[in-house]
Amino acid sequence: MQDKRNGGKPLPLDMCGIVGYIGDGNVYDVLIKGLHRLEYRGYDSAGIALVNPSGKLNVYKARGKVSNLEAFCEDKDLSAKAGIAHTRWATHGEPSDCNAHPHYSEDGNLALVHNGTIENYKVLKDALTQHGCTFHSETDTEVLVQLIEYIKVKNNCSLLDAVREALKQVVGAYAIAVVEKDNPDRIIAARKSSPLVIGIGDNETFLASDATPFVEYTNDCVYLKDEEVAIIERGKPLKLVTLENKEAKIDVTTLEMSISQLEKGGYPHFMLKEIFEQPATLHDCIRGRVVNGGKKVMVSGVSDNKDKFLNAKRILIVACGTSWHAALLGKYLIQDMCRIPVEVEYASEFRYSNPVLDDRDIVIAISQSGETADTLAAIKIAKKMGAFVYGISNVVGSSIPRETDSGTYIHVGPEIGVASTKAFTGQVMVLTMLALSIAQLKGTMTKDEIAEIGKAILKIPKAVEKVLKLNEKIERLSAIYTYARNFLYLGRGYSYPVALEGALKLKEISYIHAEGYPAAEMKHGPIALIDEEMPSVIIAPNDHLYEKIVNNVQQVKARGGSIIAIVTEGDPVIHNIADHVLEVPEMPECLTPIITSIPLQLLSYYIAINKGKNVDMPRNLAKSVTVE
Ligand code: G6P
């Protein structure tokens with residue numbers, strides 16, 4: 001039964017990345033490079049289907065990362081005129097060679113890659129089995145390719161017609177690409193709920209889950225809309241039709257991404273590169289939004305929707321993971337500056353919580369990728385209930401900015417490392433500017449108060465540069481703590497979400513258990529865990545709760561726990577108690593999270609490196625979680 005609170009609509013329930021190419025370039029090379037760029041979407045298995053000029057369809061698959069597929073392909077026939085490929089994050093069926101995509105039809109004529117979930121696959125599978133189909137994998141995807149073949153043979157129709165008819169029978173989410181053995185000059189692709197973008201080059205066409213696989217070849221792309229089917233043919237212009245075979249309009253968008261943003265630029269890992277990019281990304285995020293030397297803050301989504309923000313009775317922020325930690329900071333910022341009540345919910349909980357909302361509520365959805373399934377579902381529910389929905393996202397053209405009524409991009413450039421760093425500080429920066437902009441509109445802060453914070457915002461990129469100078473000290477410090485089995489992260493007020501985020505960073509990439517806690521709440525439980533074996537990271541900048549957190553630092557010390565403290569330069573007390581201090585520049589209280597979170601990013605990075613972990617691709621995680 002479908003969930004009515006979701007508007008009865010199927011949602012994207014699966015992840016994975018897909019890529020396709022037709023043109024005169026080296027098909028295999030284009031596809032493999034594209035898969036590497038999409039590995040953030042999953043790396044349980046990878047596969048490729050190459051349509052050979054002499055009418056052969058070669059399908060190669062390997063369990064694990066794309067590099068395993070490359071090794072497997074070393075001695076294979078890689079000649080091709082067109083091809084499709086896939087990197088998987090397993091949901092239906094364990095990660096294995098046989099469950100890896102592409103899947104092919106029983107007669108071996110068709111190969112298909114899929115990102116999404118076919119919800120009614122069981123019913124379709126049973127029907128196809130009765131018609132004599134044999135299945136070789138446990139996946140929902142194989143059902144789709146078999147169904148297309150079945151329709152094609154039964155109706156003696158073209159591949160395009162068979163794809164359209166099959167998709168009409170499918171309940172669920174899909175981005176697919178299909179190739180045919182006898183036709184090396186054509187790829188059919190389609191989407192519903194899962195992302196798919198087509199890159200249009202000179203005599204070559206690309207398709208992918210996002211634009212990163214083709215950014216070095218072309219800047220012209222077309223984002224497919226739900227239930228559109230693309231006919232990609234060698235030497236012919238792209239054609240789009242609906243499932244009903246009506247021609248659909250082609251809107252070409254120009255990409256603003258550059259290839260250098262997708263490379264490591266001399267850093268050993270994307271995560272470290274992205275941490276060090278923060279002075280520049282924060283500068284880009286602020287540019288044009290804090291003007292007149294800091295006296296004016298301009299967030300166009302607020303000025304374009306004045307009435308909504310002036311009349312809002314409540315703001316609800318929904319997000320997942322790191323974005324949820326930014327959301328918590330958004331609550332402190334908006335309540336402090338705008339005096340509007342704010343609630344924060346995990347998008348995955350909100351969607352099933354039977355929420356009470358109306359048209360005087362504003363729902364802010366935060367998502368780096370703009371594709372997180374739970375956040376998208378939350379948006380759909382909020383819109384249906386009449387709320388004004390505002391998105392904060394990084395990926396231009398992704399689903400969340402397209403689904404929301406208005407919003408702001410954080411403009412920090414592509415984030416490749418699975419553990420979010422520069423997107424977090426960008427999100428917090430946007431939330432700060434958003435709150436200031438609402439406060440300006442509502443008059444809840446004086447001009448001087450706004451100018452004081454505005455001026456400090458303009459100094460943030462330089463302050464972050466200074467924080468990054470702690471790099472070597474943190475690297476040395478990390479060696480002392482690499483073999484801790486548990487960590488406690490403590491903070492109060494604005495530093496509490498920073499503690500949660502610091503703990504999440506460590507867990508994600510080093511697999512050390514870490515718990516973030518409000519420092520004062522520690523005495524109601526976690527204090528029992530403290531001993532010489534359990535270090536605490538305490539975020540204690542010079543703010544209005546400083547005296548209070550000094551007490552908490554004393555309480556940890558009294559139980560023999562070692563302490564790493566993040567403090568403001570010239571800290572009066574804590575540096576005498578803590579085992580190690582990391583000093584950050586003075587900032588107004590509301591801006592301290594951006595400054596204090598950066599040493600924690602570096603600490604988790606170095607601890608994970610010391611443990612020999614793959615920081616850019618931690619086990620079991622994915623960057624873009626389009627699974628429920
Ligand atoms: C995954 C990523 C996290 C991210 C979360 C939410 O878990 O690994 O880094 O914070 O999804 O993603 P979003 O794109 O919605 O911000």
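Since we're looking at a predicted model, the values are computed, not measured.

## Details of the overall build of the chain
Step number 1: On a plain count of helices and strands, the chain comes out with 20 helices and 26 strands.
Step number 2: Principal-axis analysis of the C-alpha atoms places the extent of the chain at approximately 80 × 55 × 45 Å.
Step number 3: Split into buried and exposed, the 628 residues of the chain put 60% on the buried side.
Step number 4: Pairs at least 24 apart in sequence give 71% of the contacts found in the chain among residues at least 6 apart.
Step number 5: Counting every atom, the chain has about 23800 Å² of accessible surface; 48% of that belongs to carbon and sulfur.
Step number 6: Here the chain carries 69 positive and 79 negative side-chain charges, and the mean point of each set is 3 Å from the other.

## Some thoughts on the pairing of strand E24 (residues 536-540)
Step number 1: Counting buried positions over the 5 residues of E24 gives 5, a clear majority of the element.
Step number 2: Residues Ser536, Ile538 and Ala540 of E24 are buried on one face, and the alternating residues Val537 and Ile539, pointing to the opposite face, are buried as well.
Step number 3: Pairing geometry for strand E22 (residues 486-491) and E24, over 4 bridges, is parallel. When the bridges of E24 are listed, Tyr489 appears paired with Val537.

## Topic: the packing of helix H1 (residues 27-38) against helix H2 (residues 66-73)
Step number 1: Running from N to C, H1 and H2 cross one another at 155°; their axes reach a closest spacing of 9 Å. Judged by the angle between their axes, H1 and H2 are roughly antiparallel. Two secondary-structure elements touch here, H1 through Tyr28, Ile32, Leu35 and His36 and H2 through Val66, Ser67, Leu69, Glu70 and Cys73.
Step number 2: Across the contact of H1 with H2, the residue classes break down as 6 nonpolar, 2 polar and 1 charged.

## Looking at the domain arrangement of the chain
Step number 1: If you check the domain split of the chain, you get domain 1 (10-261), domain 2 (264-468) and domain 3 (469-621).
Step number 2: The straight-line distance from the C-alpha centre of domain 2 to that of domain 3 is 24 Å.
Step number 3: Counting residues at the interface gives 41 residues for domain 2, matched by 37 residues for domain 3.
Step number 4: Summed over both sides, the interface of domain 2 with domain 3 buries roughly 3300 Å², with 73% coming from carbon and sulfur.
Step number 5: Counting across the interface, domain 2 meets domain 3 through 1 salt bridge.
Step number 6: Salt-bridge contacts for Lys466 lead to Glu569; the nearest nitrogen and oxygen are separated by 2.9 Å.
Step number 7: If you look at where domain 2 meets domain 3, you find 19 residue pairs in polar contact (both at pLDDT 80 or more).
Step number 8: When contributions to the side of domain 2 that touches domain 3 are tallied by element, the ones reaching two or more residues are helix H6 (270-276), helix H7 (278-286), helix H10 (321-338), helix H14 (422-442) and helix H15 (447-468).
Step number 9: For the side of domain 2 that touches domain 3, the per-class residue count stands at 26 nonpolar, 10 polar and 5 charged.

## Considering the site of the ligand
Step number 1: Of all residues adjacent to the ligand, which total 13 residues, the nearest are Ser323, Ser367, Gln368, Ser369 and Thr372.
Step number 2: In this structure, an oxygen atom belonging to the ligand sits 3.0 Å away from a main-chain N or O atom of Thr322.
Step number 3: Ser367 is positioned such that a nitrogen or oxygen atom in its side chain is 2.6 Å from an oxygen atom of the ligand.
Step number 4: A total of 390 Å² of accessible area belongs to the ligand in isolation, and the protein chains cover 91% of it.
Step number 5: Cavity membership is defined here by more than half of the atoms lying within 2 Å of grid points; on that basis the ligand lies in the second largest pocket.
Step number 6: Residue composition of the shell around the ligand, grouped by class: 4 nonpolar, 8 polar and 1 charged.

## Re the environment of Ala319
Step number 1: Within the fold, Ala319 resides in strand E17 (residues 314-319).
Step number 2: Distance in space between the C-alpha atoms of Ala319 and Asn219 is 30 Å, their sequence separation being 100 residues.

## What about the packing of aromatic side chains?
One pair of aromatic rings is described through two measures. These are the centre distance and the angle between the planes.
Step number 1: Applying the stated criterion across every chain yields a total of 12 aromatic pairs.
Step number 2: A network of ring pairs unites the aromatic residues Tyr21, Phe206, Phe214 and Tyr217 as a single cluster.
Step number 3: Over the face of the ring belonging to Phe72 we find Lys76, whose NZ or CZ atom lies 4.1 Å from the ring centre.
Step number 4: Between the NZ or CZ atom of Lys125 and the centre of the ring of Phe135, over which it lies, the distance is 5.2 Å.

## Notes on the sheet that holds strand E6 (residues 110-118)
Step number 1: Reading across from one edge, E5-E6-E7-E8-E12-E13 is the order of the 6 strands in this open sheet, with antiparallel pairing throughout. In this open sheet, the two edge strands, each paired with only one partner strand, are strand E5 (103-104) and strand E13 (239-242).
Step number 2: Bridging between strand E7 (residues 172-180) and strand E8 (residues 183-192) involves 6 bridges; their strand directions are antiparallel. Within E8, the residue paired with Ile176 across the bridge is Ala190.
Step number 3: Packed onto the sheet, helix H4 (residues 141-155) meets E5, E6 and E7 and runs at close to 130° relative to E6.
Step number 4: On top of the sheet, helix H5 (residues 159-169) reaches E6, E7, E8, strand E12 (228-233) and E13; it is set at about 165° to E7, its chief contact.

Parameters and conventions
- Residues numbered from 1 in each chain as written.
- Predicted model: local features only at pLDDT ≥ 70, side-chain atom pairs only at ≥ 80, totals over all residues.
- Heavy atoms only, no water.
- Helix = DSSP H or I, 4+ residues; strand = E, 2+ residues; numbered from the N terminus.
- Buried < 20%, exposed > 50% of the residue type's maximum accessible area, 1.4 Å probe, protein only.
- Contact = heavy atoms within 4.5 Å.
- Areas by Shrake-Rupley, 256 points an atom, 1.4 Å probe, with all protein chains shown as cover.
- Lys, Arg positive; Asp, Glu negative; His and termini not counted.
- Charge placed at Lys NZ, Arg CZ, Asp CG, Glu CD.
- Pairing = 2+ DSSP bridges.
- Axes fitted to C-alpha atoms, helices over the stretch in contact; angles between N-to-C directions.
- Parallel < 35°, antiparallel > 145°, perpendicular 65-115°, else oblique.
- Nonpolar A, V, L, I, M, F, W, Y, C, P; charged D, E, K, R; others polar.
- Domains from an automatic or database assignment.
- Buried area = accessible area lost by both parts, 1.4 Å probe.
- Salt bridge = Lys/Arg side-chain N within 4 Å of Asp/Glu carboxyl O.
- Polar contact = N/O pair within 3.5 Å; in protein donor to acceptor, adjacent residues only side chain to side chain.
- Near = heavy atom within 4 Å.
- 1 Å grid on protein atoms, 1.4 Å probe; cavity = no way out; pocket = protein on both sides within 12 Å on 5 of 7 lines; lining within 4 Å.
- Sits in = over half its atoms within 2 Å of the grid points.
- Phe/Tyr/Trp six-rings, centres within 6.5 Å; stacked < 30°, edge-to-face > 60°.
- Lys NZ or Arg CZ within 6 Å of the ring centre and 35° of its normal.

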